[in-house]
Amino acid sequence: MFAVHLLAFHFTKLKEDQIKKVDRYLYHMRLSDDVLLDVMARFQAEMVKGLGKDTNPTATVKMLPSFVRSLPDGSEKGDFLAVDLGGSQFRAHQVKVFDDGKQSSQLESKFYPTPKEVIQGNGAELFDYVADCLSDFMDTQNLKHKKLPLGFTFSFPCKQTKLDEGFLLAWTKHFKVRGVQDTDVVSSLRKALQKHKDIDVDVLALVNDTVGTMMTCGYDDPRCEVGLIIGTGTNACYMEEMRHIDLVEGDEGRMCINTEWGAFGDDGALDDLRTEFDRELDLGSLNPGKQLFEKMISSLYLGELVRLILLKMTKEGLLFNGKVSTALLTKGKIEMKHVSAMEKYKEGLSNTKEILTELNLCPSEEDCIAVQHVCTIVSFRSANLCAAALAAILTRLRENKKLLRMRTTVGIDGGLYKTHPQYAKRLHKVVRRLVPNCDVRFLLSVSGSGKGAAMVTAVAYRLAAQRKRIDAALAPFLLSLETLREVKNKMRTELEYGLKRETQASATVKMLPTYVCGTPDGTEKGKFLALDLGGTNFRVLLVKIRSGRRRSVQMYNKIFAIPLEIMQGTGEELFDHIVQCIADFLEYMGIKGARLPLGFTFSFPCRQASIDKGTLVGWTKGFKATDCEGEDVVDMLREAIRRRNEFDLDIVAVVNDTVGTMMTCGYEDPNCEIGLIAGTGSNVCYMEDMKNIEIVEGNEGKMCINTEWGGFGDNGCIDNIRTKYDKEVDEGSLNPGKQRYEKMTSGMYLGEIVRQILIDLTKQGLLFRGQISESLRKRGIFETKFLSQIESDRLALLQVRRILQQLGLDSTCEDSIIVKEVCGAVSRRAAQLCGAGLAAIVEKKRENRGVEHLQITVGVDGTLYKLHPHFSRVLRETVKELAPQCDVTFMLSEDGSGKGAALITAVAKRLHNVGQK
């Protein structure tokens, strides 16, 4: 018993001594966590360099865009072919993808050798060989009668400008084919395939094996957004935010980046970590000075590294009694399979003895222990370096998502990872140590990069079909210049109808006279009250106007809510509520006793008989108070004041908010003769020559016309541009068939149009995984402010997803892109239609003045114009395009409905006083 213990002690001591000896000898290959964190930081810096347009040319880590923009979502289906070139064998695959709700697929494969004369010959021979193998495979599978899409896995660095094109940057591994570098490998494959008249194959996607691995695993696990290969070569890819990829146009969504990390360190960035053995191995390789990181990691080189270390140790008398065999001197005699066998847990030492004996060496027990430990250090360093670079990618993903902690999946393939007895365990352990805030699942790619190429092709196929359907849904929102000219001309016709006595009654654009006959001239002064009713809030204002050198306007106001039950109650209740609010304000300001002149901004269509008489034509914007339509709103306000019997006011003018907007800007710029509201509602007013207004007596001077253009199209004249979504919004509104133009251009309705489109796209399975959530069914959930937020250029898709989540819509990155596109189509059309209408007005003004070229200012107000990121620009561009002879300045109005009402009252008082004199 004692003898057994003694023997065990001796062996343990022997093992420790040998391990220490090797540890000392290979000290530089043993990397601490601090060194690995430093490598991780260096790799992160290289990634940033590779993504930048200016820094990419000098970057060693090329960060190649793959043009793979989407992961599988489970709705892919059909038959796909894939060919896989780059490993030790060439492979052809047929992949059947079933849309059965279980995400199942079936793979048929055939392996072909890659003869040395082919992989080190010329390009034409290589691609002819690939085409011949594919033809043979299709024959075997009885597929020659079918037209099939094909994905091409090509495991070498390529520069891609689209999914089905790739220019070879450099051969790696043991490939060295002449005449292929800097050429498009897809077009070379297509040419070779054309020689086979009996097969019909459409090459849809060029895929790197790493990307293929990510896509294969992504089909099984939607969290998979990193692909990793550790085999003959090594590489990684991951899903990067488009906004960070300078090399590709566009900021929307994500794209898979093929890092080509094998070249990390080619600029000397890893020289402090490379040993004499790494340098010697590199000098003897097919591509000296290239792929230096790969040469420290991949299975193609690890066996050779072990051989070089053993050779030097033997020469120094540390192994095999200093006796070198011819086999140990021969390059390539130790391969990765030998290293893996030597590192096996139980039979490792006996395997080591056997392998060394085959190399004509005479190993002692000590030699076997030492050699086994050399293998461990070499393969462990490989796993450590791989883990450091992978940790850099995972950290970047987490930071892109702005998460403190992230769950993700890494799809992984490659012989070294799969067959080495310890490699996977070591890699996982080190990664988790380096990035403790990432919960990483490592998913082994079962069907390899071939299935991945088919999956990329399947996704491309799905996206192409989806794109067609999305384009079809949004096509009616794309208005040509010709269509917009048509709208402008129709608007012009309707404006004329509204001004003429015989057609005014049936006109949809009512062209209501406002009896505002002048714009401010700077002499206005005094204290004025203003009321502003036009939405869910009601304002009362006190406005002090000064004239002369110290010309200024001071305002004090208070906002009161109008409850829904009052908006849709009786007229008496509405006006009693208004008077209650006025009483509160007068009390608050301490001016209850003063009889001040008052301007009443009433932002609903009114037919006026004079400046202080306005008959309500019809409610809009959600108001439905009874007994008001056809009544004079000024009389209704006076009666409510009398009923209360607390104060008296001089109601001088009833004002539309659009007119108020024009007057506010007219106070600053005398050239302002048009007012535009682009907000909850949409409307325009402008100064018209009295001689053109047939419904008002007199031909001298000008009068402001409130067009009430929201009703444009109520006679069907723009039905050709109304979509099914517009019709749905109209039918579900409070006033079906009315205000059709407003329903296509104003903030109150744009969100609802978007919601209808989203429902339709979801029903078609193009959004939200085909699931219509409860919140999406709710009318009015999609407020126009969300359009403004979603379309903001500064907003990353992650934030778009958050907005959609607030609305109860669980969206993917792809969903967010589509939602953003829908919002853009709806708001762009609104701005263009608004611009077409405005172009008709400015053209009319130019003709009224009889000038070749008109300079005019438009006063603008409304949240859509002010807050939407693109509306104002598109509106201005449209006006310029449709009215090229008009130089239009747009001026933002400051409080048109409050300040404007007071200015109208002041101008009316001034003109009244002039008239009396």
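Going along each chain's sequence as written, the residues are numbered from 1 onward. For a predicted model such as this one, the threshold for reporting local features is a pLDDT of at least 70, and the threshold for listing and counting side-chain atom pairs is 80 or more; totals across whole chains, interfaces and linings nevertheless cover every residue. In computing side-chain properties, one takes all heavy atoms of the structure into account and sets aside hydrogens as well as water.

Draft legend 1. Representation of helix 28 (residues 813–849) within the structure. With 37 residues, helix 28 should reach 54 Å at 1.5 Å per residue; the first-to-last C-alpha distance of 53 Å fits that figure. Exposure categories follow from relative accessible area, calculated using a 1.4 Å probe and restricted to protein chains: below 20% of the type maximum is buried, above 50% is exposed, and the middle band is partly exposed. Starting at the N terminus, helices and strands are each numbered in turn, a helix being any DSSP run of H or I of at least four residues and a strand any DSSP run of E of at least two. Counting buried residues along helix 28, 30 of its 37 residues qualify, which places the element largely inside the surrounding structure. Of the residues one or two after helix 28, Gly 850 is the one with positive phi, at around 65°. Any helix carries an expected span of 1.5 Å times its number of residues minus one.

Draft legend 2. Molecular detail of the sheet that holds strand 22 (residues 672–678). Strand order in the open sheet made by the six strands is 14-24-23-22-25-26, with mixed pairing throughout. The sheet is open, and its two edges are formed by strand 14 (512–513) and strand 26 (886–892), each paired on a single side. Where strand 25 (residues 854–861) lies against strand 26, seven bridges are found, and the strand directions are parallel. Note that in strand 26 the partner of Thr 857 across the bridge is Thr 889. Its contacts with the sheet place helix 28 against strand 22, strand 23 (682–689), strand 24 (702–706), strand 25 and strand 26, and it is angled at close to 5° to strand 23. Criterion used throughout: strands pair if DSSP finds at least two bridges between them. Note on contacts: a residue pair is in contact if any heavy atoms of the two residues lie within 4.5 Å. Only the stretch in contact is used when a helix axis is fitted, and all axes are lines through C-alpha atoms; the angle between N-to-C directions ranges over 0 to 180 degrees.

Draft legend 3. Structural detail: the pattern of salt bridges. One speaks of a salt bridge when a side-chain nitrogen belonging to Lys or Arg is within 4 Å of a carboxyl oxygen belonging to Asp or Glu. All chains considered together, the criterion is met by 62 salt bridges. The residue Glu 304 makes a salt bridge to Arg 307 at a minimum N-O spacing of 2.7 Å. Residue Glu 304 and its partner Arg 307 are both found in helix 9 (residues 299–315); the two are separated by three residues, about one turn of the helix. Of the two residues examined, Glu 304 and Arg 307, each falls in the buried class. The salt bridge partner of Glu 486 is Lys 490, with a shortest N-O separation of 3.9 Å. Here Lys 490 and Glu 486 lie together in helix 17 (residues 481–499), a separation of four residues that amounts to about one turn. The class of Lys 490 is partly exposed, set by a relative accessible area of 24%. The network of salt bridges with shared partners includes Arg 492, Glu 496, Lys 500, Glu 688, Lys 844 and Glu 847.

Draft legend 4. Looking closely at the sheet that holds strand 16 (residues 537–546). Here five strands make up an open sheet; going across it, the order is 17-16-15-18-21 and the pairing mixed. At either end of the open sheet lies a strand with only one pairing partner, and these are strand 17 (552–561) and strand 21 (650–655). Across the sheet, the mean angle from the axis of one strand to that of its neighbour is 20°, orientation sign disregarded. Most of the contacts of helix 21 (residues 633–644) go to strand 21, to which it runs at about 145°, and overall it touches strand 15 (526–533), strand 18 (597–602) and strand 21. With respect to the sheet, helix 22 (residues 657–668) is in contact with strand 16, strand 17, strand 18 and strand 21, its orientation differing from that of strand 21 by roughly 100°.

Draft legend 5. Broad picture of helix 9. Across its 17 residues, helix 9 extends 25 Å between first and last C-alpha, which sits within 8% of the 24 Å expected from 1.5 Å per residue. A large share of helix 9 lies buried, amounting to 14 of its 17 residues. Looking one or two places after helix 9, you find Gly 317, whose phi comes out positive at around 75°.

Draft legend 6. Structural context of unusual backbone geometry. Of note, the phi angle at Phe 320 is positive, near 50°, even though the residue is not glycine. Position of Phe 320 among the secondary structure elements: in the loop between helix 9 and helix 10 (326–329). Given the relative accessible area of 3%, Phe 320 is considered buried. You will see that Phe 768, though not glycine, has its phi angle at about 45°, which is positive. In this fold, Phe 768 is placed in the loop between helix 25 (747–763) and helix 26 (784–790).

Geometry only, nothing functional implied.
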